[in-house]
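Observations on the three-dimensional arrangement
These are the residues of each chain, in order.
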Amino acid sequence: MTTATAGTALAEALRERFPNAVQEADAHAAWIEPSAIADVCLFLRDDPAHDYKMLSSLTAVDYVEHFEVVYRLTSLSRNATALLKARARGRESPSLPSVSGVWRGADLQEREVWDLMGVAFEGRPNLKRILTWEGFQGHPLRRDYLEPPLPYSWPHGG
Amino acid sequence: MTLRTEPVVVNVGPHHPSTHGVFRMKLTFDGENIIDAEPVIGYLHRGTEKLAEERQYTQVITLTDRLDYVSSMTNNQAYVLSCERLVGIEPPARGKYLRVIAAELQRVASHLIGVGFFLQELGVFGGTALMYAFRERERILDMFEMLCGARITLSYMRIGGVLQDAPEEFWPSLRSFLDDMPGYADEMQALVFESEIVRARAIGVAPVSAEDAVAASFTGPILRASGVAWDWRKAAPYDVYDQVEFEVPTCEGGDNYDRFWVRMQEVRQSLRIIEQCCAQIEPGPVRATMAMLFRPPPGEAYVPIEAPKGELGFYLVSDGSIAPYRCHVRSPSFMSLTLFREMLVGWKLADAIVTLGSLDFNMGEVDR
Amino acid sequence: MGETLADNVIYRNVYAFVEGALGPDWAWAAYAAGGLAIILLVANGVMAIGTGYTWFERRLLGRFQGRLGPNRAGPFGLFQPIADAIKLISKEDIIALGADKVVFTLAPVVMLAPTILVLAVIPFGSGSWLADLNVAALYIAAVSGIATIAVMMAGYASPNSFSLFGSMRAVAMLVSYEVPLVMALLGVTILAQSMSLVDIVEAQALPFLIVTPLGALVFLAAVSAELNRAPFDVTEAESELVAGYMTEYSGMKYGVFMLAEFTNTVVAGAIFAALFLQGWKWAVLPSHLWFLIKVGGFVFVAVWVRATLPRFRLDQILSAAWKYLFPLSLLNAMLLAAEVIIWPERGAAELGIMAAVNWAVSVPAALLWSRAVSLRSAPPTLAALSPRAFSGAAGRARQAPGGEAAPDSAARSAGTEGG
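Here the structure is a predicted model, which is why all the values come from computation and not from measurement. (Residues numbered from 1 in each chain as written. Chains lettered and ligands numbered in written order. Predicted model: local features only at pLDDT ≥ 70, side-chain atom pairs only at ≥ 80, totals over all residues. Heavy atoms only, no water.)

Per the secondary structure count, chain B includes 15 helices and 9 strands. Taken over the C-alpha atoms alone, chain B extends approximately 80 × 45 × 35 Å along its principal axes. Sequence separation of 24 or more characterises 72% of the internal contacts of chain B that already satisfy a separation of 6 or more. Of the roughly 11400 Å² that chain B leaves accessible, carbon and sulfur atoms contribute 53%. Treating the 35 positive side-chain charges of chain B as one cloud and the 49 negative ones as another, the clouds have centres 4 Å apart. (Helix = DSSP H or I, 4+ residues; strand = E, 2+ residues; numbered from the N terminus. Contact = heavy atoms within 4.5 Å. Areas by Shrake-Rupley, 256 points an atom, 1.4 Å probe, with all protein chains shown as cover. Lys, Arg positive; Asp, Glu negative; His and termini not counted. Charge placed at Lys NZ, Arg CZ, Asp CG, Glu CD.)

Structure, rendered in structure tokens:
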């Protein structure tokens, strides 16, 4: 059975190497300082005691006052998962360091988060829209997104 | 005189016979060789995640049907498992067994489509193998129709169990399917995997190493073809997968041929699982009693399952209301496009098409 | 050597009618009218058979695939070709913007031309042929090459990359497969000591399929490639190139292409029957019908192969032609040349001995040589092909792509704050 690493345990393990990186932790997840997220991820990937070689998923949740980017890590050798979260503040231009240099699999997912949530990722190339089209206005998965009125109307109502 | 070639950019898709729906690849050719490739997706984006935010938890099940529309059962399963984790209820045993039977039938159906389209893309006119695969898939769809009245968009699984118990006529047809299918699998194997042309076309083409596959978040058959024996049914057994015995087939090469070899072996393992479930299943209720409209406590849940195409999970965040605050779909098909460029560059157009087929992604799931 | 055209009953009647009506001064007109009547009959007859063959092929494919095939129009769906033809004729004839109109329009016509031209030398039955050309084998090889020019024209004239890819592939295949095809024809010619198809049929005391299996195999493969049929149908590989050179065609232009293609298969069957299956000979039924049955046998095999085999890749096809079929066809020609010197007179008994020798040599040769030629592909050297190399080991930092990617700032300004 997969071990879901507790956030507190993860925070404990990280404290030594990154003293200021962990903001808070609970039984499920550890909240990482946004500026340190790429380094923490690199450490968790390469450290044999953690060995999180796979980024299972990367997504974001809009909590209105901030965006929470969720990193779900899987260690195939230890059969363990870990949950990292990082908060991106601001609604104008929230951004986080990219982890696509750590895991290749983050590439498309970061683009998706940028497209739908509007959280930018720094230090990576090719951050452009993926599911919506170029020139789309806004980021549809935000809680405050409203669909703009259609610039045209059908001949008979609508 | 020196001969010079000029790179040609060709848009393959979104309307193309073998792009699995509306997928577009921007390929740059030097002659027949691909020198650059870029996937362009989003043509089937329906905003499932946004739609889920304004529906009750039970209503989202019908949305999940439309994600990977050739394996709705497992989509349902992934969603209801996350919901159950969120609410904290446990379905009755018979419900769990029925879920596993349905999910494994769905896996067989999905892999049949995968293998059928693989041969289609290798160029058997009109898809002889595709027709053979669809012939068997048809029987599975008939069984699904007995279970829930639908054939494609099933919505069979419910939070706390399944819609209803299997009717009387389901079991004999399941029995005859289990008896026939190994023979058809042998037949397909002889047609596909022992054909010299298929071997010449597929072995060694577009290989992915184990390290690359893991780093690129590949899951499911395409990860196992690279030699990583990772299967969520083994790693974190859900429903009754801890009650049944099965193996996780792997290959070494990670090329197109191996990806299909793994799928064909998984079909056999699925049949094995269904056999065991049929032997173990006991009469009883199939669905826990719970309110249609419920408010789960604030929190979040994510249960990864092994869908036919890889790790599928719904990340549900609840704020205590009747609708999910956030519903993110971790879709395996989307991830399998990560190495798109690396897999295609240097190969030829014909290889690119076959490689797409071997990834076996589904645009409904890629674009969500 | 049997009858000639002058003995043909239709020819004689038309000739007599025109000559009677116009007087002996107009004998040339009578001759032309009689000839044209026969040509019209043969050309249209074969076209009709080609059209009917679409029904046969679809029906048979249906059987192979465990489905029914066309069965709605008429009994057993027999009128399906007619329904298709009506549909194609009544459809809008679209010429894509940017197409070279003249070439685009000419291509289907050029495609159909060799099909009809080849008919001139095919003996359909005892005493039934339009011309007993003494270089018929050469004529067939030469004329059938015209079809590739048509494909090239269609691909060049269409403003579509897929069309161009398809036509380029067709040219590459023609250059490769013309060689084994001619070598296979050479074997038959040596054996019959003549290039006339009539003489070749007469020389077959035993079917040449039995006498020279290697030649038949090479011919079959080469002719499949020339016809763009499976497993060599890369020219119009529908899973890769949509419809290849035909992608931009619609309406009856497309119909003419398809007609030429299907008729070509029938004509190839006729050539194969004449070259390797004794033509009209050994007839237990009327010789024309017997010939048609042999053609049907060839066509059946063609459909069978089409329903079963996947497609080769283009480079594999070219490798197969040069590395496998060409050496084998050379071996076949040399073997037959030696045997012809040993047995100057060849009756059924001598042909039987030759068949035994040929089988004994060619089966091991074909098998052994197939071991030596591998069509498997080695991984491409990525670094040489692409400036943006594969990121390699797991998770190494991804390098910035050279120039093409949109800079972050640009992408971000494109999608500003929503809602």
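Next comes the rest of the description.
In total, this model carries 51 salt bridges over all chains according to the counting rule given. Residue Arg 124 of chain A is joined to Asp 107 of chain A by a salt bridge in which the shortest nitrogen-to-oxygen separation is 2.7 Å. In this pair, Arg 124 of chain A is assigned in the segment after strand S8 (120–122) and Asp 107 of chain A in helix H3 (residues 106–117), connecting sequence segments 17 residues apart. The residue Arg 368 of chain B makes a salt bridge to Glu 112 of chain A at a minimum N-O spacing of 3.0 Å. Of this pair, Arg 368 of chain B sits in the segment after helix H15 (363–367) while Glu 112 of chain A sits in helix H3, placing the two residues on different chains. A single network of salt bridges, built from pairs that share partners, joins Glu 104, Arg 107, Arg 224, Asp 231, Arg 233, Glu 266 and Glu 306 of chain B. (Salt bridge = Lys/Arg side-chain N within 4 Å of Asp/Glu carboxyl O.)

The next subject is helix H3 (residues 72–87) of chain B. For H3 of chain B, which comprises 16 residues, the first-to-last C-alpha distance of 22 Å matches the rise-based estimate of 22 Å (1.5 Å per residue) to within 8%. Looking one or two residues beyond H3 of chain B, the residue adopting positive phi is Gly 88 of chain B, at roughly 85 degrees. (Expected span 1.5 Å × (residues − 1).)

All names here are of chain B. As summarised here, the arrangement of the 3 strands in space is S1-S2-S3, forming an open sheet in which the pairing is antiparallel. Strands at the two margins of the open sheet, each flanked by one partner only, are strand S1 (8–12) and strand S3 (33–40). When the angles between neighbouring strand axes are averaged without regard to direction, this sheet yields 20 degrees. Where S1 and strand S2 (residues 24–30) come together, 5 bridges link them in antiparallel fashion. Within S2, the position partnered with Val 8 by the bridge is Phe 29. (Pairing = 2+ DSSP bridges. Axes fitted to C-alpha atoms, helices over the stretch in contact; angles between N-to-C directions.)

Here strand S9 (residues 326–330) of chain B lies mainly inside the structure; 5 of its 5 residues are buried. Side chains Arg 326, His 328 and Arg 330 of chain B of S9 of chain B all project onto a buried face; the interleaved residues Cys 327 and Val 329 of chain B project onto the opposite face, where all are buried too. (Buried < 20%, exposed > 50% of the residue type's maximum accessible area, 1.4 Å probe, protein only.)

Another point: the nonpolar core. Counting 100 residues, the largest nonpolar core has Ile 122, Tyr 177, Leu 197, Phe 219 and Leu 275 of chain C as the members making the most contacts within it. Among the elements that line this core, the one with the most residues is helix H12 (residues 251–276) of chain C, at 15 residues. Counting contributing residues, this core receives three or more from each of domain 1 (1–89) and domain 2 (91–372) of chain C. If we skip the residues at most four places from it in the chain, Leu 275 of chain C touches Leu 185, Val 188, Leu 197, Ile 200, Gln 204, Phe 208 and Phe 219 of chain C. By size, the runner-up hydrophobic cluster in this structure holds 85 residues, among which are Leu 96 of chain A together with Val 205, Leu 349 and Ala 352 of chain B. (Core = buried A, V, L, I, M, F, W, Y, C linked by side-chain atoms within 4.5 Å. Domains from an automatic or database assignment.)

Residue and element names in this part refer to chain C. Scanning the model with the defined rule gives 8 cavities of 30 Å³ or more in all. Taken as a whole, the largest cavity spans an internal volume of roughly 390 Å³. Lining the largest cavity are 26 residues; nearest its centre among them are Ser 144, Ala 147, Glu 226, Leu 227 and Asn 264. Counting only elements with at least two residues in the lining of the largest cavity, the list comes to helix H4 (101–118), helix H5 (136–144), helix H6 (146–157), helix H7 (161–192), helix H10 (213–226) and H12. Its residues assigned to classes, the lining of the largest cavity comprises 19 nonpolar, 5 polar and 2 charged. (1 Å grid on protein atoms, 1.4 Å probe; cavity = no way out; pocket = protein on both sides within 12 Å on 5 of 7 lines; lining within 4 Å. Points joined across faces, edges and corners; volume = space filled by probe spheres on them. Nonpolar A, V, L, I, M, F, W, Y, C, P; charged D, E, K, R; others polar.)

What follows covers the interface of chain B and chain A. Facing 38 residues of chain B, the contacting portion of chain A comprises 40 residues. Area buried by chain B at its contact with chain A is led by Lys 50, Trp 230 and Tyr 325 of chain B, which between them contribute 18% of it. At the surface where chain B touches chain A, the tally comes to 5 salt bridges. Its salt-bridge partner being Arg 143 of chain A, residue Glu 53 of chain B comes within 3.1 Å of it at the nearest N-O pair. (Buried area = accessible area lost by both parts, 1.4 Å probe.)

Position of Gly 125 of chain C among the secondary structure elements: in the loop between H4 and H5. Linking Gly 125 of chain C and Ala 230 of chain C, residues 105 residues apart in sequence, is a C-alpha distance of 29 Å.

Before going further, it helps to spend a moment on unusual backbone geometry. Of note, Asp 51 of chain A is a non-glycine position whose phi angle comes to about 60 degrees, a positive value. The phi torsion at Ala 206 of chain B lies on the positive side, around 50 degrees, for a residue other than glycine. Within the secondary structure, Ala 206 of chain B sits in the loop between helix H7 (196–202) and helix H8 (210–215). Given a relative accessible area of 1%, Ala 206 of chain B falls into the buried group.

So, about the packing of aromatic side chains. Residues and elements named next belong to chain C. Going through the model one piece at a time under the given rule, you end up with 28 aromatic pairs over all chains. A centroid spacing of 5.3 Å and a plane angle of 65 degrees characterise the contact between Tyr 245 and Phe 257, whose relative ring orientation is edge-to-face. Taken together, the positions of Tyr 245 in the loop between helix H11 (238–241) and H12 and Phe 257 in helix H12 put the pair 12 residues apart, joining distant regions of the chain. Pair check on accessibility: Tyr 245 and Phe 257 agree, each one buried. Centre to centre, the rings of Trp 322 and Phe 326 are 5.8 Å apart; their planes meet at 70 degrees, and the pair counts as edge-to-face. Here Trp 322 and its partner Phe 326 are both found in helix H14 (residues 314–342), 4 residues apart, which amounts to about one turn of the helix. Looking at Trp 322, the relative accessible area reads 38%, which means it is partly exposed. (Phe/Tyr/Trp six-rings, centres within 6.5 Å; stacked < 30°, edge-to-face > 60°.)

Next up on the list: the confidence of the model for chain A. Predicted confidence across chain A gives a mean pLDDT of 84, with 96% of residues reaching 70 or more. Strand S1 (residues 3–4) of chain A is the least confidently modelled element of chain A, averaging 76 in pLDDT, while strand S5 (residues 66–75) of chain A averages 90, the highest of any element. (pLDDT = per-residue confidence, 0-100.)

Residues and elements named next belong to chain C. Residues Ile 49, Val 284, Leu 285, Leu 289, Leu 292 and Ile 293 make up a contiguous nonpolar surface patch of roughly 500 Å² in combined accessible area. Here the nonpolar patch gets 3 residues from one element, more than from any other, and that element is helix H13 (residues 287–308). Structurally, the position occupied by Leu 285 is in the loop between H12 and H13. Classification of Leu 285 by relative accessible area gives partly exposed; the value is 36%. (Patch = residues over 30% accessible without salt bridge, like charges linked within 9 Å, V, L, I, M, F, W, Y side chains within 5 Å.)

As a further point, take helix H1 (residues 9–22) of chain C. Spanning 14 residues, H1 of chain C covers 20 Å between terminal C-alpha atoms, matching the ideal 20 Å at 1.5 Å per step. Of the residues flanking the end of H1 of chain C, it is Gly 23 of chain C, one or two places downstream, whose phi is positive at about 100 degrees.

This brings us to the environment of Lys 281 of chain C. Residue and element names in this part refer to chain C. Here Lys 281 lies in the loop between H12 and H13. Linking Lys 281 and Gln 204, residues 77 residues apart in sequence, is a C-alpha distance of 8.6 Å. Residues within four places of Lys 281 in sequence aside, it is in contact with Val 201, Glu 202, Gln 204, Ala 205, Trp 290 and Lys 294.

A few words now on the environment of Cys 251 of chain B. All names here are of chain B. Within the secondary structure, Cys 251 sits in the loop between helix H10 (232–235) and helix H11 (256–280). When its relative accessible area of 10% is taken as the criterion, Cys 251 is described as buried. Along the primary structure Cys 251 and Leu 122 are separated by 129 residues, whereas in three dimensions their C-alpha atoms are 21 Å apart. Look past the residues within four positions of Cys 251 in its chain and what remains in contact with it is Arg 224, Ala 225, Ser 226, Gly 227, Asp 258, Trp 261 and Val 262.

Quick look at the packing of H5 of chain C against H6 of chain C now. Residues and elements named next belong to chain C. Orientation of H5 relative to H6, taken along the N-to-C sense of each, is 0 degrees, at an axis distance of 4 Å. Looking at the two axes, H5 sits roughly parallel to H6. Every residue of H6 that contacts H5 at Ala 142, Val 143 and Ser 144 is listed here: Ile 146, Ala 147 and Thr 148. Class assignment of the residues belonging to the contact of H5 with H6 gives a composition of 4 nonpolar, 2 polar and no charged. (Parallel < 35°, antiparallel > 145°, perpendicular 65-115°, else oblique.)

With that out of the way, let us pick up the packing of helix H1 (residues 7–17) of chain A against helix H2 (residues 37–46) of chain A. All names here are of chain A. Direction vectors running N to C along H1 and H2 enclose 105 degrees, while the axes themselves pass 12 Å from each other. With respect to their mutual orientation, H1 and H2 come out roughly perpendicular. Of the residues in H2, those touching H1 at Leu 10, Leu 14 and Arg 17 are Val 40, Phe 43 and Leu 44. Split into classes, the residues belonging to the contact of H1 with H2 amount to 5 nonpolar, no polar and 1 charged.

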